[in-house]
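Working through the structure, step by step
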Amino acid sequence: DGSPAARMATVYNLSAALGWCLSELNAEPSIAVGSPLECWSACRAEYENVVAADFYPSRDLCFCQDDCECLVESEAAELVVSPNMTLPSVCSDDADDDVQDPSLERHSNLGFCDSDFGGTISDASVDSAESCWYACLESFGDDGTIVAIDFYPEGDSCFCHNSCECIFESAGVELIL
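Below is a summary of the structure that appears in this document.

**Quick word on the side chain of Ser23**
Assignment of secondary structure puts Ser23 in the loop between strand S2 (19–20) and helix H2 (36–46). By relative accessible area, Ser23 is classed as buried at 11%. Separated by 2.7 Å, the side chains of Ser23 and Gln65 make a polar contact. Of note is the side chain of Ser23, whose polar atom sits 3.0 Å from the side chain of Asp66. Leave out the neighbours within four places in its chain, and Ser23 touches Cys64, Gln65, Asp66 and Asp67.

As structure tokens, this is what we get:
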């Protein structure tokens, strides 16, 4: 594509081996976007010093970044970077322990979902709501089957749901919808 936006950016379609950038800016543009290049263009139009844009195609979410020291691992994002930027390496485990994927709608201490499907993940590597979400997608498919998860930090319990018709109030549960 010969558009100015395409000439001024490189699109990286991310996989589990890469990730998304996070910076102090980490802002959504004021207009709706539907592609990585629209995300990049909106970020460049609204914010100074943008070096990267994180686009989440499953929800048409866009986050503008003014720095990218490392990439936080994610299977959900597409990254657009300025042509003069060298793609950084993946963040160390220590650096991304408290970083959360902005494409996920997270709720703490709200409660847990009720659904007719309650797949359970029993894996020692599932130690956060985000890792529970990705484990559910990997185990039960990322075709829209999984729409919510319940994660219990006490005991690292992970439950996958195909619907969330109602939420039962409960403390100590992290819910992603």
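**With respect to the nonpolar core**
Where a protein is soluble and globular, its nonpolar side chains tend to be buried together. The biggest cluster of nonpolar side chains holds 14 residues, and the ones touching the most others in it are Cys136 and Ile149. Of all the elements in the fold, those that place two or more residues in this core are helix H3 (129–140), strand S10 (148–152) and strand S11 (157–161). Looking at this core element by element, the count peaks at seven residues for H3. Excluding residues that lie within four positions of it along the chain, Cys136 makes contacts with Ile121, Gly141, Ile146, Ile149, Cys158, Phe159 and Cys160. Counting eleven residues, the second largest nonpolar core, distinct from the first, contains Trp40, Cys43, Val50 and Cys62.

**Quick notes on the state of the cysteines**
Evaluated as defined, the whole model comprises six disulfides. Linked covalently through their sulfurs, Cys21 and Cys68 form a disulfide whose S-S length is 1.9 Å. Judged by the sign of its S-S torsion, about -75 degrees, the cystine formed by Cys21 and Cys68 is left-handed. Pair noted here: Cys21 is in the loop between S2 and H2 and Cys68 is in the loop between strand S4 (61–65) and strand S5 (72–73), with a separation of 47 residues, a long-range link.

What counts and what doesn't
- Residues numbered from 1 in each chain as written.
- Predicted model: local features only at pLDDT ≥ 70, side-chain atom pairs only at ≥ 80, totals over all residues.
- Heavy atoms only, no water.
- Helix = DSSP H or I, 4+ residues; strand = E, 2+ residues; numbered from the N terminus.
- Buried < 20%, exposed > 50% of the residue type's maximum accessible area, 1.4 Å probe, protein only.
- Polar contact = N/O pair within 3.5 Å; in protein donor to acceptor, adjacent residues only side chain to side chain.
- Contact = heavy atoms within 4.5 Å.
- Core = buried A, V, L, I, M, F, W, Y, C linked by side-chain atoms within 4.5 Å.
- Disulfide = S-S within 2.5 Å.

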